[in-house]
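Single-letter residue listing:
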Amino acid sequence: MNRVLLTATWNFGRLAVERAFNMLELGASALDALETGINAVEMDESVQSVGYGGLPNRAGYVELDAAIMDARGHRSGAVAALRGFRRPISVARRVMEVLPHALLVGEGAAEFAREQGFEEEETLSPEASEQWLQWRETQAPPADVEDSHDTVGMIIWTPDTIVVGCSTSGLKWKYPGRVGDSPIVGAGLYADEEVGAAVATGNGDEISRVALCSRVVFLMERGMSAQEACDEAIRYLMRKRTDASGTPPHAAVLAVRADGNFGVSASYAKFPYALHDGQSLTMGEREALEPE
Ligand code: SD4
């Protein structure tokens, strides 16, 4: 195959990258491969932070966020707080392809999904429901973000294509209607044909506050390597938003420059990611940056 690079967040990124790479080998487009890779994680019930099986909000229902961006033509589509559909990345792609809009939310997004022929399904798995019932007993604060922020984010690069997408059920026990970084262009993902792409995972409220992914791409545009840009953007987030106890916001970012140069950075320990260079798939682990 021609030169290609695929990368995805977290340990389940392996599944996304494997599926996407198989599609590319079969001759699929980068967009089709990206959608299929992310769908695989959305449909994996054991992943409690993405698609079906994701943990619900405090009211007990699952609201999903996803976005997709095609650097060529600078096109994007996204859905937020979507209920009743298990593969929000596919709905986001349809927004990109058939509507003039960048983002649909809530009932409007569900209406559009129905119109487009997506099947309405239960998104709350029995296991997620059980955990919500337990949480409701204690009502531990929703600020409990440390273990609940695992967006699947993926970038596929070839010498003439860059596509990026992400999908998440957001923070568990979030307030109904809460929208994280993932469906927001510039926050959870960004791509520019001439520069490269970035995708984020972590505390989406904090990632949104600093428009993390647009910063990474901007820094690459100004001449940084993907690694330097990821590190600099994560340092910026840590500088702006570390709390009084000295705890930085949890975030990690992956980036690929238009020439295929790769970078990854994280504000907290051991961020795992998958990377496929067209020959082999490796799982990497990035240590957190030290606070300045
Ligand atoms: C959010 N960023 O909604 C998302 C959650 C997540 O890994 O995993 N990120 O805040």
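Presented here is a report on the structure given in the accompanying data block. (Residues numbered from 1 in each chain as written. Predicted model: local features only at pLDDT ≥ 70, side-chain atom pairs only at ≥ 80, totals over all residues. Heavy atoms only, no water.)

1. Concerning the side chain of aspartate 65
- Take aspartate 65: it is sitting in strand 2 (residues 64-70).
- The buried charged residue aspartate 65 lacks any salt bridge partner; its closest oppositely charged side chain belongs to lysine 174, at an N-O distance of 4.7 Å.
- Within the structure, the side chain of aspartate 65 is placed 2.9 Å from the backbone nitrogen of alanine 81, a separation counted as a polar contact.
- A polar contact of 3.2 Å, which involves the side chain of aspartate 65, links it to the backbone nitrogen of glycine 180.
- With sequence-adjacent residues up to four places away left out, aspartate 65 is seen in contact with Val79, Ala80, Ala81, Cys166, Ser167, Thr168, Val179, Gly180, Ser182 and Pro183. (Helix = DSSP H or I, 4+ residues; strand = E, 2+ residues; numbered from the N terminus. Buried < 20%, exposed > 50% of the residue type's maximum accessible area, 1.4 Å probe, protein only. Lys, Arg positive; Asp, Glu negative; His and termini not counted. Salt bridge = Lys/Arg side-chain N within 4 Å of Asp/Glu carboxyl O. Polar contact = N/O pair within 3.5 Å; in protein donor to acceptor, adjacent residues only side chain to side chain. Contact = heavy atoms within 4.5 Å.)

2. Considering the sheet that holds strand 12 (residues 281-286)
- The sheet built from eight strands is open, its strands ordered 4-3-2-6-5-1-11-12 with mixed pairing. At either end of the open sheet lies a strand with only one pairing partner, and these are strand 4 (103-105) and strand 12. Strand-to-strand twist of the sheet, defined as the mean angle between neighbouring strand axes without regard to direction, takes the value 10°.
- The sheet strands contacting helix 1 (residues 13-25) are strand 1 (5-9), strand 5 (152-158), strand 11 (271-276) and strand 12, and the helix crosses strand 1 at an angle near 155°. (Pairing = 2+ DSSP bridges. Axes fitted to C-alpha atoms, helices over the stretch in contact; angles between N-to-C directions.)

3. Some details on unusual backbone geometry
- Of note, alanine 81 is a non-glycine position whose phi angle comes to about 50°, a positive value.
- Inspection of the secondary structure assignment puts alanine 81 in strand 3 (residues 75-82).
- Positive phi is not limited to glycine here, since tryptophan 173 has a value of about 60°.
- By the secondary structure assignment, tryptophan 173 is in the loop between strand 6 (161-168) and strand 7 (189-192).
- Since its relative accessible area comes to 4%, tryptophan 173 is described here as buried.

4. Looking at the pairing of strand 5
- Among the seven residues that make up strand 5, seven are buried, leaving the element largely enclosed by the rest of the structure.
- Along strand 5, one buried face is formed by Val152, Met154, Ile156 and Thr158 and the opposite face, lined by Gly153, Ile155 and Trp157, is buried too.
- Pairing between strand 1 and strand 5: four bridges, direction antiparallel. Across the sheet, leucine 6 pairs through a bridge with isoleucine 156, a residue of strand 5.
- Inspection of the sheet shows strand 5 paired to strand 6 by seven bridges, in the antiparallel sense. Looking across to strand 6, one finds that isoleucine 156 is bridged to valine 163.
- Here strand 5 folds back onto strand 6 in antiparallel fashion, the turn holding two residues.

5. A look at the nonpolar core
- With 87 residues, the main nonpolar core has Met154, Ile156, Leu212 and Val216 as its most contacted residues.
- Beyond its immediate sequence surroundings of up to four residues, isoleucine 156 is in contact with Leu5, Leu6, Ala20, Leu24, Ala30, Ala33, Leu34, Thr161, Ile162 and Val163.
- If you look at the next biggest cluster of nonpolar residues, it comprises eight residues, including Val62, Leu64, Ala128 and Trp132. (Core = buried A, V, L, I, M, F, W, Y, C linked by side-chain atoms within 4.5 Å.)

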